[in-house]
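The residues making up each chain are set out below.
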Amino acid sequence: MTVRDVRAAYDVSREELAALLADEPAYRARQVWDGLHRRALRPAEMTELPLELRARLEAQLPAALGEAARRTADGGDTVKWLWDLRDGRRVETVLMAYSDRVTVCVSTQAGCAMACAFCATGQMGFDRHLTTGEIVEQVVAAVRAARPRRVSNVVFMGMGEPLANYDRTWAAVERIHGDLGVSARRLTISTVGLVPGIRRLADEALPVNLAVSLHAANDVLRDRLVPMNRRYPLGVLAEACAAYVAATGRRLSIEWALIDGTNDRPSDMAELARFARPLGAHVNLIPLNPTPGYPVRGSSPQRVLEAREELERSGVNATVRSTRGVEIDAACGQLAAPGRL
Ligand code: SAH
């Protein structure tokens, strides 16, 4: 048996866990499930279990993520992990503590096929989908590191396109909500705008937040910045977003990385306002973070503030996303899971 024949702890279902514990008293399965999820423990740490059972479960329920490196910034309030997956691939996770919330940003794929030019993950190309367990375990790691604070928010904004890995991502959402106890209103899925995925999300029972990485509100510019726009142009994207808002009653967010001279002009803000206003969307402006493969600069701090004011004057709610972890390459668009850190 190779290591890959053994499923990682959070890839095992309740039923499979019960089967693993078939020779134990009936309450054990619930005890271990609770230990893994609600208490975020490794089997070896479940001191209520007999020692021999702990050792057996430690081998039968291995961790999916090995810590290859961990870096901190912002006085310890931002933590970035580089994980080794069991097949040697690497992904990153970022934990951000604020005064009013603790947010973890998780990856859903190793690499990404969306090829957005300004994004470090897009620059590296697609490797593979993460499993549900690999996604859930990132949150568990953050829960452990955040103590004594609680992880209040989970954003699917790390490496990868969550809606291109729909089933595993959605199963992770259900696990994070149902078993780790994070409220659906504090879960946010971010997408480049995969319309079929947005339509599926609208039909789910759990109303999570939807964020769309727009970056341009005319098709000529968006085709260039976000290649997936050629498949799902702005008109069909807007319709899917409207359907999502109508079905869930959740507010839509629009993410817009401000790129100097490219999408930060007053005319760009006017186009953005025309797109956002009918959807009642909130705009998150992100000053472009530097990445190795994209020479263009982010907008100046002055221009970022003006852009926000222009949107507000057009009747669109806009905030500037506080940039965390730029110096450790942990900020939006910088996750690339390098061989080194
Ligand atoms: N694929 C999904 C999930 C990744 S979220 C999506 O694109 O939404 C990562 C966010 O960071 C996206 O909004 C993305 O557009 C943004 N981003 C990518 N590169 C960036 C950069 N260099 N500076 C600032 N934001 C960036």
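Residues numbered from 1 in each chain as written. Predicted model: local features only at pLDDT ≥ 70, side-chain atom pairs only at ≥ 80, totals over all residues. Heavy atoms only, no water.

**Digging into the overall build of the chain**
So, step 1. Within the chain, the regular secondary structure consists of 11 helices and 12 strands.
So, step 2. Relative to the globule expectation of 20 Å for 341 residues, the C-alpha radius of gyration of the chain, 21 Å, shows essentially globular dimensions.
So, step 3. Principal axes of the C-alpha set define a box for the chain whose edges measure 70 × 40 × 40 Å.
So, step 4. When the 341 residues of the chain are sorted by exposure, 54% land in the buried category. (Helix = DSSP H or I, 4+ residues; strand = E, 2+ residues; numbered from the N terminus. Rg over C-alpha atoms; globule rule 2.2 N^0.38 Å. Buried < 20%, exposed > 50% of the residue type's maximum accessible area, 1.4 Å probe, protein only.)

**Quick notes on the site of the ligand**
So, step 1. Close to the ligand lie 20 residues, the nearest being Phe118, Ser190, Ser213, His215 and Asn289.
So, step 2. A distance of 2.9 Å is found between a nitrogen atom of the ligand and a backbone nitrogen or oxygen belonging to phenylalanine 118.
So, step 3. Asparagine 289 places a main-chain nitrogen or oxygen 2.8 Å from a nitrogen atom of the ligand.
So, step 4. Bound to the protein, the ligand loses 95% of the 540 Å² it would expose on its own.
So, step 5. Elements supplying a minimum of two residues to the shell around the ligand: strand E8 (187–191) and strand E10 (252–258).
So, step 6. Residue composition of the shell around the ligand, by class: nine nonpolar, nine polar and two charged. (Near = heavy atom within 4 Å. Polar contact = N/O pair within 3.5 Å; in protein donor to acceptor, adjacent residues only side chain to side chain. Areas by Shrake-Rupley, 256 points an atom, 1.4 Å probe, with all protein chains shown as cover. Nonpolar A, V, L, I, M, F, W, Y, C, P; charged D, E, K, R; others polar.)

**Remarks on unusual backbone geometry**
So, step 1. Cis geometry is adopted by the peptide bond preceding proline 148, which originates at arginine 147 and carries an omega value of 10 degrees.
So, step 2. Of note in this structure, alanine 115 is not a glycine but carries a positive phi near 60 degrees.
So, step 3. Mapped onto the elements, alanine 115 comes out in the loop between strand E5 (109–111) and helix H4 (120–124).
So, step 4. Since its relative accessible area comes to 38%, alanine 115 is described here as partly exposed.
So, step 5. Despite not being glycine, aspartate 329 has its phi angle at roughly 50 degrees, a positive value.
So, step 6. Of note, aspartate 329 is situated in the segment after strand E12 (318–320).

**A few points about the pattern of salt bridges**
So, step 1. Here the structure, examined in full by the defined rule, presents 24 salt bridges.
So, step 2. Residue arginine 321 is joined to glutamate 255 by a salt bridge in which the shortest nitrogen-to-oxygen separation is 3.3 Å. Separated by 66 residues along the polypeptide, arginine 321 in the segment after E12 and glutamate 255 in strand E10 bring together distant segments of the chain.
So, step 3. When salt bridges that share partners are traced, they join Asp87, Arg89, Asp127, Arg128 and Glu134 into one network. (Salt bridge = Lys/Arg side-chain N within 4 Å of Asp/Glu carboxyl O.)

**So, the packing of helix H7 (residues 195–202) against helix H9 (residues 234–248)**
So, step 1. Between H7 and H9, the least distance of the axes is 9 Å, while the angle of their chain directions is 10 degrees. The angle between H7 and H9 falls in the class roughly parallel. For the pair H7 and H9, contact is made by Val195, Ile198, Arg199, Leu201 and Ala202 and by Val236, Leu237, Glu239, Ala240, Cys241, Ala243, Tyr244, Ala247 and Thr248, respectively.
So, step 2. Here the residues of the contact of H7 with H9 are counted per class, giving 11 nonpolar, one polar and two charged. (Axes fitted to C-alpha atoms, helices over the stretch in contact; angles between N-to-C directions. Parallel < 35°, antiparallel > 145°, perpendicular 65-115°, else oblique. Contact = heavy atoms within 4.5 Å.)

**Some words on H9**
So, step 1. If you check H9, its first and last C-alpha atoms are 21 Å apart, about what 15 residues at 1.5 Å a residue would give, namely 21 Å.
So, step 2. Among all positions of H9, only Leu234, Leu237, Ala240, Cys241, Tyr244 and Thr248 are buried. An end-on view of H9 places all buried positions within 125 degrees of arc, on one side of the element. Opposite the buried face of H9, by more than 90 degrees, sit the exposed residues Glu239, Ala246 and Ala247.
So, step 3. Glycine 249 sits one or two residues past H9 and shows a positive phi near 70 degrees. (Expected span 1.5 Å × (residues − 1). Arc of directions from axis to C-beta.)

**Quick look at the environment of glycine 122**
So, step 1. You can see glycine 122 is positioned in helix H4.
So, step 2. On the accessibility criterion, glycine 122 (12% relative accessible area) is buried.
So, step 3. Linking glycine 122 and isoleucine 176, residues 54 residues apart in sequence, is a C-alpha distance of 26 Å.
So, step 4. Setting aside chain neighbours within four positions, we find glycine 122 in contact with Cys112, Ala115 and Cys116.

**Considerations on the domain arrangement of the chain**
So, step 1. The domains assigned to the chain are domain 1 (3–60) and domain 2 (65–328).
So, step 2. With 19 residues of domain 1 at the interface, the matching set in domain 2 holds 15 residues.
So, step 3. Interface area, domain 1 with domain 2, both sides summed: about 1300 Å², of which 46% is carbon and sulfur.
So, step 4. The largest contributions to the domain 1 side of the interface with domain 2 come from Tyr10, His37 and Ala40, which together make up 44% of the buried area.
So, step 5. At the junction of domain 1 with domain 2, the criterion picks out two salt bridges.
So, step 6. Arginine 144 serves as the salt-bridge partner of glutamate 45, at 2.7 Å between the closest nitrogen and oxygen. (Domains from an automatic or database assignment. Buried area = accessible area lost by both parts, 1.4 Å probe.)

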